[in-house]
Structure formats: structure tokens, C-alpha cells
Amino acid sequence: MKLWTNTFSVVSLLVLATLNGSSATKPSPGCGNAPKLVTTSSTTTALTMTVNGKSRNYFVKLPDNYDKGHPYRLIYTLHALSGTAQQVIAGTDGYLPWYGIPTLVKDNVSAIYVAPNGLDKGWANKDGEDITFIKQLNQVLDNDLCIDQNLRFSTGFSYGGAMSYSIACSLAKDFRAVATLSGNPQISGCAGGSDPIAYYAQHGVGDTVLPIADAHTMRDRFIKNNGCTAQTAQEPTSGSGKHIKTKYTGCSADHPVVWVAFDGPHTPTPKDSGASATFTNNETWEFFSQFT
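Residues numbered from 1 in each chain as written. Predicted model: local features only at pLDDT ≥ 70, side-chain atom pairs only at ≥ 80, totals over all residues. Heavy atoms only, no water.

1. Quick notes on unusual backbone geometry
Counted only if it meets this: Secondary structure elements are taken from DSSP: a helix is a run of H or I of four residues or more, a strand is a run of E of two residues or more, and numbering for both begins at the N terminus. Burial here depends on accessible area, computed with a 1.4 Å probe over protein chains only, as a share of the maximum for the residue type. Under 20% is buried, over 50% is exposed, and the range in between is partly exposed.
A positive phi angle, near 55°, is found at aspartate 93, a position not held by glycine. Among the structural elements, aspartate 93 can be located in the loop between helix H2 (85-90) and strand E4 (111-116). Phi at tryptophan 98 is positive, roughly 50°, even though this residue is not glycine. The class of tryptophan 98 is buried, set by a relative accessible area of 5%.

Now the structure itself:
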């Protein structure tokens, strides 16, 4: 009876999604089942798994009143070099909590958030081991939770941005979009890198840690992959205190590219002159939220 009930629940989700005009909804195997692994304490107590013989850990934030029959977005939030998932969760050391996205998510799809820890506080992705970690983590969460497998996202700053770029290169068919914040194309690598994926990137014109020229290379890969029309993006001058957003045109269906250049250094939370808050989380969520 339990098997029949769970099967019926998943089939019902598919039928309902079709009736609502969202036929792309792809409920994970965990839909209809009570979670056995993830709990409300998983935001503070690390969950662990073994990947290629190495222990890996991660944290998960469930939405309030989690519904086991509702397919949620899954959003990865990746830390920078020498950072930790715990800092991302708490919003310390320059981060907003979970990159400031949860406070903005007010639609009916909602989201589950995951903050994994990199090895040695980074994402060197040696021999693709971090990509393997993400792939296996997708499977673990898909089996335990109700996730829309067509609505997986990743964002991160610096090394976390580089790893999100690596995800875009290697796992474009498994992720809907990424948002790379002041990343670099070399440090986490780009295996594959020929598939289209919705791509948002931002970078400071005054970044001396990871120069903006490398971010241009990252962006241009997905301008090409996504079939967008090449154009020269305007960028602010030093001292202007502003950011400039470019939305590329001509991109293939559901594969937009957005580029934001800001007057500032290497930071996850840049602000325009006179502004009291960063624009990063709003721009990231505006980009992710177009996909439902």
C-alpha cells in the first residue's frame, strides 16, 4: 500500500504540473516520502558522505512547512577559498546568509538550500573530485527530498564562483542556471564546457585578486554555447560607484546570459555609491526566479 501511495503521489505531481502548464517539472524519487536523512537540524549539524574514499560534508536548509509532495528548487551556495559552509549559513566573513537568497524567495515553488564544504576550504576539483561530489550529492538529495530535478542552481563567490562555473561546464544538463560571483576559469577547471546553460556573472572592475579579464573568458564561453549575439558590454569606470548590467540578446531558448560589472574590488557584496545594501542577492534571485 505504501509503494502504491508513493507512486500515485509522484504521478499526481506530473499530471498536476502538466495541467498547470509547467510540463517541465521533474519530481525527484524522494517526492511523496518523508525524509530519512535531512532534518530541520541539518542547517547546523553536518551531513556526511564518502566520495572517492574521502569524507565530505554538507548542510541543508529546508523551507518552513516543508511539503514532501511539492517539488522544490535546489540551490547550491558555495564558499570561497579559506571559507566554510558554516560562514555561508551564518552570513559571516562577508557573506549574506545563504547568499541572501532565502529572504527574497516568496513564490509558490520555494527552495531547498545546500551548503557543502570544499576540501581544504577550497574547490580545487582535482581529477574532477568536486564535480563527482556534487553529482553524488544531487542523487542523495533527490532520493531523500522532493526536488524539481529541472530546477537545480548554483552560486558562489571567488572559489565558489569558480566551482559554480565548473558545474556549468560539466553538469549543464543537470543544472538550470548558475550565478558566478567574481570567479576564475582555471582554479576549479572546466571539463566539457560545450553545453548551454543559463549563465549570470558579476565581477568588479577593480578586482586585483581575480582580474575581471578572466571573468570575461568565462562569460564568453556561455555567450557562444548559448548562441547569444556577441556585443561589447559596457563597464563602469573606477570611481563611478555604480554597476552596469548587460542582458545578451539572441540566446537560445531558456539559456539567457546576464553580465554585471561593478566599480569595486574582490567582494561578494558590492554596493553602489550611496546604497545601504548590496545588489548581488537581488540580481541573483531575479535571474534564478525566471525559471519555474
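Here the narrative resumes.
2. Observations regarding helix H3 (residues 129-144)
Rules: Here a helix's expected span is defined as the number of its residues, less one, multiplied by 1.5 Å.
Its 16 residues give H3 an end-to-end C-alpha distance of 23 Å, which sits within 8% of 22 Å, the value for a rise of 1.5 Å per residue. When we look at burial in H3, the residues that qualify are Glu129, Asp130, Ile131, Phe133, Ile134, Leu137, Asn138, Leu141, Asp142 and Asp144.

3. Considerations on the side chain of aspartate 144
What counts is decided by this rule: Here Asp and Glu are counted as negative and Lys and Arg as positive; His is not counted, and neither are the chain ends. By salt bridge we mean one thing: a side-chain nitrogen of Lys or Arg within 4 Å of a carboxyl oxygen of Asp or Glu. In protein, a polar contact requires one atom able to donate a hydrogen and another able to accept it; more generally it is a pair of N or O atoms within 3.5 Å, and residues adjacent in sequence count only if both atoms are side-chain atoms. Whether two residues are in contact is decided by their heavy atoms, any of which lying within 4.5 Å being enough.
As for its position among the elements, aspartate 144 is in helix H3. Buried aspartate 144, no salt bridge; nearest opposite-charge side chain is lysine 36, N-O distance 7.5 Å. Side-chain polar atoms of aspartate 144 contact the backbone nitrogen of valine 38, separated by 2.9 Å. Those residues in contact with aspartate 144, other than ones at most four positions away along the chain, are Gly30, Pro35, Lys36, Leu37 and Val38.

4. A few points about the nonpolar core
Defined as follows: Note on terminology: a nonpolar core comprises buried Ala, Val, Leu, Ile, Met, Phe, Trp, Tyr and Cys residues joined through side-chain atoms within 4.5 Å.
The biggest cluster of nonpolar side chains holds 50 residues, and the ones touching the most others in it are Val60, Tyr76, Ile112, Leu141, Leu145 and Ile167. The leading source of residues in this core is helix H4 (residues 159-170), at seven residues. Non-local contacts of tyrosine 76, meaning those with residues more than four positions away in its chain, are made with Val114, Pro116, Ile134, Leu137, Asn138, Leu141, Phe153, Ser154, Thr155 and Phe175. Membership of the second largest hydrophobic core comes to 31 residues, among which are Ile89, Tyr113, Ala115 and Val258.

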